[in-house]
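In case you want the letters, here they are:
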Number of protein chains: 4
Amino acid sequence: MINQVTLVGRLTKDPELTYTALGRPFLQMTLAVNRPYRNQQGMTETDFIYCKVWNKSAENTSKYCQKGSLIGVLGTIQTRSYEDQEGKRIYATEVNVHTVRFLDKKRPNAESEEGELLPILNLP
Amino acid sequence: MINQVTLVGRLTKDPELTYTALGRPFLQMTLAVNRPYRNQQGMTETDFIYCKVWNKSAENTSKYCQKGSLIGVLGTIQTRSYEDQEGKRIYATEVNVHTVRFLDKKRPNAESEEGELLPILNLP
Amino acid sequence: MINQVTLVGRLTKDPELTYTALGRPFLQMTLAVNRPYRNQQGMTETDFIYCKVWNKSAENTSKYCQKGSLIGVLGTIQTRSYEDQEGKRIYATEVNVHTVRFLDKKRPNAESEEGELLPILNLP
Amino acid sequence: MINQVTLVGRLTKDPELTYTALGRPFLQMTLAVNRPYRNQQGMTETDFIYCKVWNKSAENTSKYCQKGSLIGVLGTIQTRSYEDQEGKRIYATEVNVHTVRFLDKKRPNAESEEGELLPILNLP
DNA sequence: TTTT
DNA sequence: TTTT
């Protein structure tokens, strides 16, 4: 069994770091990935792919990325189902991210101000 | 922008070939992909990943595969949204498959009966 | 920067586990990966891809695989250069494997005899 | 059988377009892909991965890329062997590229001068 | 609910 | 040096 996803796209929003009840860092984000061709109307289309990031990767992403940042993401597709408020079964698909690569050349200002050592990932 | 998915898993059902209004062969299938570790309760978990296959790949898959067949799938993640009957917006994620690899050793009977040349893909 | 390889192919030989000077388990293997099309002479072609596996993955591969086993491999391409006996610079490319998936249905006999718990990876 | 490679890295040289005897556009290039961690000496390491690009992709790459350009590459690993001048057998590994994605934000000057429509791939 |  |  193999389940492997590679994406390069842009963050649709500033990432917001949260923590699980047990204190595990955790981040939900949506990647906008433009399709490499135009549709019949000559328009560019985009897939908005929902991703979950955990632990150190979540912390780094929230530190070094913002709305519009270009990132690479390695992970797996995960599916789950649950019932919504009206008792209807909903099927959800998301990418469970195990690795994030920062592909923007410019480092965010916050970093240089603090003089902090960037993770090597941030140098594409 | 990169959007790349690789899966190896088993078909949850016999694939059913259909055709679009314009006569394009088309196949919807769900791949069961076991996760490679056990959860906290010691249970194996499985992702059920919804896939769409088109054209010749759809025809070959419906010919040479059945419920339980082990296949490899290359494609991209696609997202779309629509309104359900109650006017609620639903977000759907699926894998748009561009290549199928048949990984079962045994060829299906249908094929040997017809004496037809198997696509090379079928020899893993 | 992204460097991601996914292969499914067959072992060209029985894998041979060795250990580094520091006692780290280590395995070199070649995967035969058939190309999915015929060349101009109507022949199937095959890529023989050199791989390195480390630690627990190396031990499991040597235990559960043999010449001809179908496996999936996730890893990265690595390059290095060195001088051969005549002082000529040689450029070598190999796949550094971080994950192995066992895709043969039958488990090797050795295992059932010993009654040992198979890694979940071995159930494709 | 699956053989899938995804790389994001930088061109080590200006790409040089050539043509086969039959007039097929063709490009050899080396991608520098930094490893995402430091070695024991605290140094960044880089894999220099030899790639072959064909046809339209070769033409676009030579038009829109130059030394240092950040690109994404999808392809397969191919191996071949040949004899060198001294009759020694050499084993070569390369990436056969089927898709190139241009990930630099700035479009090369050549393009705006000619006023030509950029392939959509060039808008990351 | 969407990015360049 | 090659697998089914």
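Refer to the structure above for everything that follows.
Just so it is clear, the structure is predicted and the values come from calculations on it, not from any experiment. (Residues numbered from 1 in each chain as written. Chains lettered and ligands numbered in written order. Predicted model: local features only at pLDDT ≥ 70, side-chain atom pairs only at ≥ 80, totals over all residues. Heavy atoms only, no water.)

### Notes on the overall build of chain A
What counts is decided by this rule: In this description a helix means any DSSP run of H or I spanning at least four residues, a strand means any run of E spanning at least two, and both kinds are numbered starting from the N terminus. Residue burial is assigned from relative accessible area. The probe radius is 1.4 Å, only protein chains are included, and a residue is buried under 20% of its type maximum, exposed over 50%, and partly exposed in between. Contacts are assigned to residue pairs with any non-hydrogen atoms lying within 4.5 Å of each other. Note that accessible areas follow from Shrake-Rupley with a 1.4 Å probe, and for residues the cover is restricted to the protein chains shown.
Secondary structure assignment for chain A yields 2 helices and 6 strands. Traced from its N-terminal end to its C-terminal end, chain A shows the element sequence β-β-β-β-α-β-β-α. Relative to its full complement of 124 residues, chain A shows a buried share of 49%. In chain A, of all internal contacts separated by at least 6 residues, the share reaching a separation of at least 24 is 57%. For chain A, the computed accessible surface area is about 6,500 Å², with 49% contributed by carbon and sulfur atoms.

### Structural notes on the pairing of strand 1 (residues 2-11) of chain A
Applicable threshold: Any two strands with at least two DSSP bridges between them are considered paired.
Along strand 1 of chain A, 10 of the 10 residues are buried, which leaves the element largely enclosed by surrounding structure. Pairing of strand 1 of chain A with strand 1 (residues 2-11) of chain B, which is carried by 7 bridges, proceeds in the antiparallel orientation. Note on strand 1 of chain B: the bridge partner recorded for asparagine 3 of chain A is leucine 7 of chain B. Where strand 1 of chain A lies against strand 3 (residues 25-38) of chain A, 2 bridges are found, and the strand directions are antiparallel. In the sheet register, arginine 10 of chain A faces strand 3 of chain A, and the bridge partner there is alanine 32 of chain A.

### Quick notes on the interface of chain A and chain C
Rule in force here: Computed with a 1.4 Å rolling probe, the buried area is the accessible surface lost when two parts are put together, summed over both parts. Under the scheme applied here, ten amino acids are nonpolar (Ala, Val, Leu, Ile, Met, Phe, Trp, Tyr, Cys and Pro), four are charged (Asp, Glu, Lys and Arg), and all others, including Gly, are polar.
Residue-level contacts link 13 residues of chain A with 13 residues of chain C. Between chain A and chain C, a total of about 1,000 Å² is buried, with carbon and sulfur atoms accounting for 60% of that surface. For chain A, the biggest contributors to the area lost against chain C are Met1, Ile2 and Gln4 of chain A; these three give 57% of the whole. Only strand 1 and strand 5 (70-83) of chain A provide two or more residues apiece to the side of chain A that touches chain C. Top element by residues in the side of chain A that touches chain C is strand 1 of chain A. It accounts for 6 residues. Here the residues of the side of chain A that touches chain C sort into 9 nonpolar, 3 polar and 1 charged.

### Brief notes about the relation of the copies chain A and chain C
Note the following rule: To line up the copies, we fit them by least squares on C-alpha atoms, keeping just the residues with pLDDT of at least 70 in both.
Mapping chain A onto chain C leaves a residual RMSD of 0.0 Å; the transformation is a rotation of 180 degrees accompanied by 0.0 Å of translation along its axis. Viewed as a symmetry operation, the transformation between the two copies matches a two-fold axis. When each C-alpha of chain A is compared by its distance to the rotation axis, glutamine 4 of chain A comes out closest, at 4.8 Å. Here 100% of the contact residues of chain A are again contact residues in chain C; the copies associate through an equivalent surface.

### Brief notes about the pattern of salt bridges
Test applied: When a carboxyl oxygen of Asp or Glu lies within 4 Å of a side-chain nitrogen of Lys or Arg, that pair is called a salt bridge.
One pass over the structure, following the stated rule, counts 30 salt bridges over all chains. Lysine 52 of chain D is the salt-bridge partner of glutamate 94 of chain D, the closest N and O atoms lying 3.0 Å from each other. A residue pair is termed long-range when its members are at least 10 positions apart, and glutamate 94 of chain D in strand 6 (residues 89-102) and lysine 52 of chain D in strand 4 (residues 44-54) qualify at 42 residues. This pair shows no difference in class: glutamate 94 of chain D is buried, exactly as lysine 52 of chain D is. Each of Arg35, Glu45 and Asp47 of chain A takes part in salt bridges that share partners, so that together they form one network.

### Brief notes about the interface of chain B and chain A
We apply this condition: Pairs of N or O atoms within 3.5 Å make up the polar contacts considered here, provided that, within protein, one atom can donate a hydrogen while the other can accept it, and that residues adjacent in sequence are counted only when both atoms are side-chain atoms.
Listed by partner, the interface residues are 27 residues for chain B and 27 residues for chain A. Counting each side, the surface lost to burial between chain B and chain A is near 2,200 Å², with a carbon and sulfur contribution of 52%. The residue lysine 88 of chain A makes a salt bridge to aspartate 84 of chain B at a minimum N-O spacing of 3.0 Å. Where chain B touches chain A, the interface holds 10 residue pairs in polar contact (both at pLDDT 80 or more). Of all elements in the fold, only strand 1, strand 3 (25-38), strand 4 (44-54), strand 5 (70-83) and strand 6 (89-102) of chain B reach the threshold of two or more residues within the side of chain B that touches chain A. Among the elements that take part in the side of chain B that touches chain A, strand 1 of chain B stands out by supplying 9 residues, more than any other. Looking at side-chain class alone, the side of chain B that touches chain A contains 12 nonpolar, 9 polar and 6 charged residues.

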